[in-house]
Amino acid sequence: MQTEQMIADVVEQVIRQLNPAPHDGSSAGMRTGAVPADALPTRPGVFAEVDPAVAAAKRAQQQLIAAGIKIRAQIVNWIKQTAIDKAQEWGRIEFDETRIGRLDHKVLKLELFHLLPGVEFLETVAQSGDDGLTVDEFAPWGVIGAITPVTHSIPTLTANVVSMIAAGNAVVFNPHPSGAKCAAMAVEHYNREIKQRWNIDSLINTIEPPTLRSAEEIFKHPDVHLLVATGGPGVARAAMKQPKRAIVAGPGNPPVVVDETADFDNAATSIIQGAVFDNNLLCIGEKEVFVVDSVFDQMMAAMRRAGAFALDAGQIDRLVKVTIPWQDDHYAVNKDYIGADPQVLAQVAGATVPAGVELLYGETDESNPFVAEEQMMPFVPFVRCRDFDHGLELAIKYEHGFGHTACIHSNNLDHITRMGQAMNTTLYIVNGPSTGALGAGGEGYASYSIATPTGEGVTNPLTFTRFRRMAVSGSLRII
Ligand code: NAD
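Calculation criteria
- Residues numbered from 1 in each chain as written.
- Predicted model: local features only at pLDDT ≥ 70, side-chain atom pairs only at ≥ 80, totals over all residues.
- Heavy atoms only, no water.
- Buried < 20%, exposed > 50% of the residue type's maximum accessible area, 1.4 Å probe, protein only.
- Helix = DSSP H or I, 4+ residues; strand = E, 2+ residues; numbered from the N terminus.
- Contact = heavy atoms within 4.5 Å.
- Domains from an automatic or database assignment.
- Buried area = accessible area lost by both parts, 1.4 Å probe.
- Salt bridge = Lys/Arg side-chain N within 4 Å of Asp/Glu carboxyl O.
- Polar contact = N/O pair within 3.5 Å; in protein donor to acceptor, adjacent residues only side chain to side chain.
- Nonpolar A, V, L, I, M, F, W, Y, C, P; charged D, E, K, R; others polar.
- Pairing = 2+ DSSP bridges.
- Near = heavy atom within 4 Å.
- Areas by Shrake-Rupley, 256 points an atom, 1.4 Å probe, with all protein chains shown as cover.
- 1 Å grid on protein atoms, 1.4 Å probe; cavity = no way out; pocket = protein on both sides within 12 Å on 5 of 7 lines; lining within 4 Å.
- Sits in = over half its atoms within 2 Å of the grid points.
- Phe/Tyr/Trp six-rings, centres within 6.5 Å; stacked < 30°, edge-to-face > 60°.
- Axes fitted to C-alpha atoms, helices over the stretch in contact; angles between N-to-C directions.
- Left-handed = near helix turned anticlockwise from the far one by under 90°.
- Points joined across faces, edges and corners; volume = space filled by probe spheres on them.
- Core = buried A, V, L, I, M, F, W, Y, C linked by side-chain atoms within 4.5 Å.

### With respect to helix 5 (residues 103-111)
Logical step 1: Turning to helix 5, its buried residues are His105, Lys106, Val107, Lys109 and Leu110.
Logical step 2: On its buried face, helix 5 is in contact with helix 3 (69-85), helix 4 (87-98) and helix 6 (153-166).

### Brief notes about the domain arrangement of the chain
Frequently, the measure chosen for interface size is the accessible area removed from exposure when the parts meet.
Logical step 1: Splitting the chain by domain gives domain 1 (2-20 + 30-250 + 459-467) and domain 2 (255-442).
Logical step 2: One C-alpha centre belongs to domain 1, the other to domain 2; they are set 34 Å apart.
Logical step 3: Opposite the 11 residues of domain 1 that make contact, domain 2 presents 14 residues.
Logical step 4: When the two sides are added together, the surface that domain 1 and domain 2 hide from each other amounts to roughly 1100 Å², 60% of it contributed by carbon and sulfur.
Logical step 5: Counting across the interface, domain 1 meets domain 2 through three salt bridges.
Logical step 6: One can count six residue pairs in polar contact (both at pLDDT 80 or more) joining domain 1 with domain 2.
Logical step 7: When its residues are assigned to classes, the side of domain 1 that touches domain 2 shows three nonpolar, five polar and three charged.

### Section: the pairing of strand 14 (residues 360-363)
Logical step 1: Note: strand 11 (residues 309-310) against strand 14, two bridges, orientation parallel. Bridge pairing links Ala310 to Tyr361 in strand 14.
Logical step 2: Here strand 14 runs beside strand 15 (residues 379-385); their pairing, made up of four bridges, is parallel. From the neighbouring strand, Glu363 faces strand 15, where its bridge partner is Phe382.

### A few points about the site of the ligand
Logical step 1: In the neighbourhood of the ligand, 28 residues make up the surrounding shell, with Thr148, Val150, Gly250, Glu374 and Ile450 lying closest.
Logical step 2: Taking Gly231, its main chain carries an N or O atom lying 3.4 Å from an oxygen atom of the ligand.
Logical step 3: Take Ile450: an N or O atom from its main chain is 2.6 Å from an oxygen atom of the ligand.
Logical step 4: Contact with the protein chains hides 84% of the accessible area of the ligand, taken as 840 Å² for the molecule alone.
Logical step 5: One can see that the ligand is located within the largest pocket.
Logical step 6: Counting residues per element, the shell around the ligand draws most heavily on helix 8 (residues 212-220), at three residues.
Logical step 7: Taken together, the residues of the shell around the ligand break down into 15 nonpolar, 12 polar and one charged.
Logical step 8: Two domains each donate at least three residues to the shell around the ligand, and these are domain 1 (2-20 + 30-250 + 459-467) and domain 2 (255-442).

### What about the packing of aromatic side chains?
Logical step 1: Tallying each qualifying case throughout the model produces 10 aromatic pairs.
Logical step 2: Considering the side-chain rings of Phe113 and Tyr448, the 5.8 Å spacing of their centres and the 20 degrees angle between planes classify their relative orientation as stacked. Highlighted residues: Phe113 in the loop between helix 5 and strand 2 (125-129) and Tyr448 in the loop between strand 17 (427-430) and strand 18 (450-451), separated in sequence by 335 residues.
Logical step 3: Its relative accessible area of 0% is what places Phe113 among the buried residues.
Logical step 4: With a centroid separation of 4.9 Å and 80 degrees between ring planes, the pair formed by Trp326 and Tyr331 is classed as edge-to-face.
Logical step 5: Counting every residue linked through ring pairs, the aromatic cluster contains Trp78, Trp90, Tyr190 and Trp198.

### Things to note about the packing of helix 6 against helix 7 (residues 180-198)
Logical step 1: Viewed as axis vectors pointing N to C, helix 6 and helix 7 meet at an angle of 40 degrees, and their least axial separation amounts to 8 Å. Crossing of helix 6 against helix 7: the hand is right-handed. Where helix 6 approaches helix 7, its residues Ser153, Ile154, Leu157 and Thr158 are matched on the opposing element by Cys182, Ala183, Met185, Ala186, Val187 and Tyr190.
Logical step 2: A breakdown of the residues in the contact of helix 6 with helix 7 according to their chemical character gives eight nonpolar, two polar and no charged.

### Topic: empty space enclosed by the protein
Logical step 1: For the structure on display, the rule yields one cavity of 30 Å³ or more.
Logical step 2: In this structure, the largest cavity encloses a volume near 210 Å³.
Logical step 3: Lining of the largest cavity is provided by 16 residues; of these, Leu282, Ile284, Leu438, Ser447 and Tyr448 occupy positions nearest its centre.
Logical step 4: For the lining of the largest cavity, the per-class residue count stands at 11 nonpolar, four polar and one charged.
Logical step 5: Of the residues that make up the lining of the largest cavity, three or more belong to each of domain 1 (2-20 + 30-250 + 459-467) and domain 2 (255-442).

### Some details on the nonpolar core
Logical step 1: Formed by 70 residues in total, the largest nonpolar core has its most connected members in Ile75, Ile79, Ile165, Tyr190, Ile194, Leu203 and Ile204.
Logical step 2: Not counting residues within four places of it along the chain, the set of residues in contact with Ile204 comprises Gly45, Ile79, Val161, Ile165, Val171, Phe173, Val187, Tyr190, Asn191 and Ile194.
Logical step 3: Formed by 33 residues, the second largest nonpolar core is a distinct cluster that contains Val256, Val291, Ile429 and Val458.

### Focus: unusual backbone geometry
Logical step 1: Cis geometry marks the peptide bond from Glu208 to Pro209, where omega comes out at 0 degrees.
Logical step 2: Among the structural elements, Pro209 can be located in the loop between strand 6 (204-207) and helix 8.
Logical step 3: One non-glycine residue, Asn199, lies in the positive phi region at around 55 degrees.
Logical step 4: Counting through the fold element by element, Asn199 comes out in the loop between helix 7 and strand 6.
Logical step 5: Among the residues examined, Asn199 registers a relative accessible area of 53% and is labelled exposed.
Logical step 6: Located in the positive-phi region is Met376, a residue other than glycine, with phi close to 55 degrees.
Logical step 7: With respect to the helices and strands, Met376 occurs in the loop between helix 14 (369-372) and strand 15.

### Some remarks on the pattern of salt bridges
One side chain can pair with another of opposite charge once the charged atoms of both are near each other.
Logical step 1: Counting across every chain of the model gives 24 salt bridges.
Logical step 2: In this structure, the salt-bridge partner of Arg305 is Asp265, at a minimum N-O distance of 3.0 Å. In this pair, Arg305 is assigned in helix 11 (residues 296-305) and Asp265 in helix 10 (residues 264-275), connecting sequence segments 40 residues apart.
Logical step 3: Residue classification places Arg305 among the exposed positions, given a relative accessible area of 57%.
Logical step 4: By relative accessible area, which is 40% here, Asp265 ends up partly exposed.
Logical step 5: When salt bridges that share partners are traced, they join Asp293, Asp297, Glu363 and Arg384 into one network.

Given below as structure tokens:
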């Protein structure tokens, strides 16, 4: 009998080792189905499977609605302040995990959270007249399924959360696998504190480890009513073909046009400020510059004065061969160099640049792959064009119809107007850095999901609401 008990104990121990407790804290063997109501999860909001994550989000969303709008506002303000307070620590953690971009800018992206809007965006609209009173409200969708990129894992997750919770929703994330651990860490912290402060369960949920299969399960889940995808062309296509509403923040390849009337020094500092941000990982970051021939040399000199480092033709050739090599029948960006430091790119190019240099640049023609590809590296190609019209033509061609972001440096009102109309981009920046369109170097609120192909633009709490109307016929008008 004793031997049988010993064997049973050993078997149980082996089974436990083979099936460790799931991240969500539910007991082993409960990977699908509802989360036990009374269990305090060890990692609140972090799930190995989609079903329990959606179930938890659904329950927490109902708690959020019951708590009321004042509590929503408190939660959102607390999340914004937490991102700011944790910027140093979390910026470092994200940088260590993803190994792309710049540590100082990972930190800065979180410190900028004061620029995000909150519940004040949800203004009720009322109309009254002889026939009564009508009230238009901005209501939540319920549970949102969201995909985030590796380029800004915690910032995109947190900015989505701020707007989604302000609008009264809960969310399930499928982050990029290379930034999923830091995303889960932030999710866990937010949920733990929200539970303690407001007694609401996991409003914010994430899949760890995320896979394409779990993304697909979120897309298809019947309790997920709205999808939000932030990323490149693959995820944009995948989200838009789902049979439910999708808000897609897709790729960009922002061109810059510099004409003969520009302030070249301002153009140079602006291009540098935008393109160096996180080593040009931003979807809005300046990726290629078209300069009118008559002022091309002046513009190149201004870049040098502003601290950028020029590569010559041979160095650019070497850089291209390694970072955007020709493979089979197309150029393919070498992922090892996305978000790399300029010193690393310079080494590849065979150049030695001083430690403080933040951006490399150089003259290329339009066929250079740095022009056409969304390269996300701190090297910006400068292309000569005959005149403004030629520059505009090239800007339209290489923005690829993404409708994302374009910049101009000019003091010619006709050029500024024509380019704005012709580019038809979501963001259009005049005489400033691309970051100016998100409140850093310009006016306006910030967001880390710029919904381009689906048209919602700089996402905010209203983006994640459903329109609802109450019409009271013939009464409640008090005048
Ligand atoms: P990525 O496209 O490689 O991945 C983005 C996310 O989509 C990841 O979570 C990835 O796992 C997921 N994904 C990819 N293919 C998928 C599919 N078929 N089904 C489901 N999920 C899928 O992009 P990235 O390298 O993480 O981020 C950079 C890209 O994101 C750039 O193209 C950049 O312009 C874009 N971006 C856009 C915005 C915006 O606001 N418009 C913001 C940030 C980044």
